[in-house]
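Summary of the model geometry
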Amino acid sequence: MNEPIIARHWLAIAAPKAAPAIATTTVLALARIWNANGAEHSVGSAVLMGALSLGAAAAGVAAGNSTGDSVLVGTAFAASGALAFAGVAGYADGMPLPLLLWSLATTGAYALAARYWRTDRRETVAHERDITDRREERAHIERIETLRATTQVEVARTGAAYVEQLAAALVTRAALPGFDAAALERAGLPELPARHRDT
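Described in the following lines is the structure provided in the data block. (Residues numbered from 1 in each chain as written. Predicted model: local features only at pLDDT ≥ 70, side-chain atom pairs only at ≥ 80, totals over all residues. Heavy atoms only, no water.)

1. So, the nonpolar core
As a rule of thumb, soluble globular proteins bury nonpolar side chains together. Put simply, the rule is: The definition of a nonpolar core used throughout is a set of buried Ala, Val, Leu, Ile, Met, Phe, Trp, Tyr and Cys residues joined through side-chain atoms within 4.5 Å. Think of it in three bands: with a 1.4 Å probe and only protein chains considered, a residue is buried below 20% of the maximum accessible area for its type, exposed above 50%, and partly exposed in between. Strands here are runs of E lasting at least two residues and helices are runs of H or I lasting at least four, both read from the DSSP assignment and numbered beginning at the N terminus. Residue contacts are counted whenever heavy atoms from the two residues lie within 4.5 Å of one another.
Core analysis: the biggest nonpolar cluster contains six residues, these being Leu28, Ala31, Met49, Phe85, Ala86 and Ala89. Elements with a minimum of two residues in this core: α1 (10-39) and α3 (70-91). The greatest single-element share of this core, amounting to three residues, is contributed by α3. Residues contacting Phe85, with those up to four places away along its chain left out, are Thr24, Val27, Leu28, Pro98, Leu101 and Trp102.

Right, dumping it as structure tokens:
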């Protein structure tokens, strides 16, 4: 009935909330490293990233039309956006445009993630409520069965004590001088066992 209390580490709680910012910051950092290594104003690099971005977007559209899997479509469009962002950040010569794109990409990522977090939170709360209801129902049934069993035990003990007292009273009464079992039967009292009549 008692379940262990599981306390999650603060990093395990914070990691999902920080994931969108970490992802966009990583893309920005890699794009700026790529920029410093020759991608700045490189038409070939820009065309490559544009083609990859369009390919990822096309894969998202195809996945949406064929499978309808929202996770796969979302992943494909996220990859397309990340590639486009990396291409612009790698091609641009200053930091203002990449930082602007980084802030927009981070805001968009959090906006999309918030929807999934709300859904996940609703499902978690519903699951916890269901578990609590079941636990309370089982505890209620357990309490009722305990009361019923305790009552039956007490009734059995009381009955056994009454039988012992009655037997002791019959034996004591039969041992009294002048006890006449036949007189009791004539008076309409219940018939006593044969061994009492013999005494």
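2. Some points on helix α2 (residues 43-66)
For the record, the criterion: The span you would expect from a helix comes to 1.5 Å times its residue count less one.
Taking 1.5 Å as the rise per residue, α2 with 24 residues should run 34 Å; its terminal C-alpha atoms sit 34 Å apart, in good agreement. Within α2, the full set of buried residues consists of Ser45, Met49, Ser53, Ala56, Ala57, Gly60 and Ala63. Where the residues of α2 are buried, they touch α1 and α3. Two residues or fewer past α2, Gly68 is found with a positive phi of approximately 75 degrees.

3. Observations regarding a nonpolar patch on the surface
The cut-off we apply is this: Patch definition: residues with relative accessible area over 30% and no salt bridge; like charges joined within 9 Å; nonpolar side chains (Val, Leu, Ile, Met, Phe, Trp, Tyr) joined within 5 Å. Here the Shrake-Rupley method, with its probe set to 1.4 Å, supplies the accessible areas, and only the displayed protein chains count as covering residues. Salt bridge, as used here: a side-chain nitrogen of Lys or Arg that lies within 4 Å of a carboxyl oxygen of Asp or Glu.
There is a patch of nonpolar side chains on the surface, built from Val88, Leu97, Leu100 and Leu104 and spanning about 340 Å² of accessible area. When residues of the nonpolar patch are assigned to their parent elements, the largest contribution, three residues, is made by helix α4 (residues 96-174). Relative to the assigned elements, Leu97 resides in helix α4. Here Leu97 falls in the partly exposed class, since its relative accessible area comes to 41%.

4. Examining the packing of aromatic side chains
Condition: Only rings of Phe, Tyr and Trp enter the pairing, Trp through its six-membered ring, and a pair is recorded when the two centres are within 6.5 Å. The plane angle decides the type: under 30 degrees is stacked, over 60 is edge-to-face, the rest tilted. Charge over a ring is defined by NZ of Lys or CZ of Arg lying within 6 Å of the ring centre and within 35 degrees of the ring normal.
Under the defined criterion, the tally for this structure stands at one aromatic pair. The cationic tip of Lys17 hangs over the ring face of Trp117; the distance from NZ or CZ to the ring centre is 4.1 Å. Over the face of the ring belonging to Tyr116 we find Arg115, whose NZ or CZ atom lies 5.6 Å from the ring centre.

5. Thoughts on the pattern of salt bridges
According to the stated counting rule, one finds three salt bridges in the structure shown. Here Arg157 ties to Glu154 by a salt bridge, and the two come within 3.2 Å at their closest N and O atoms. Taken together, the residues Arg157 and Glu154, both in helix α4 and three residues apart, mark about one turn of the helix. A relative accessible area of 54% places Arg157 in the exposed class. The class for Glu154 is partly exposed, based on a relative accessible area of 39%.

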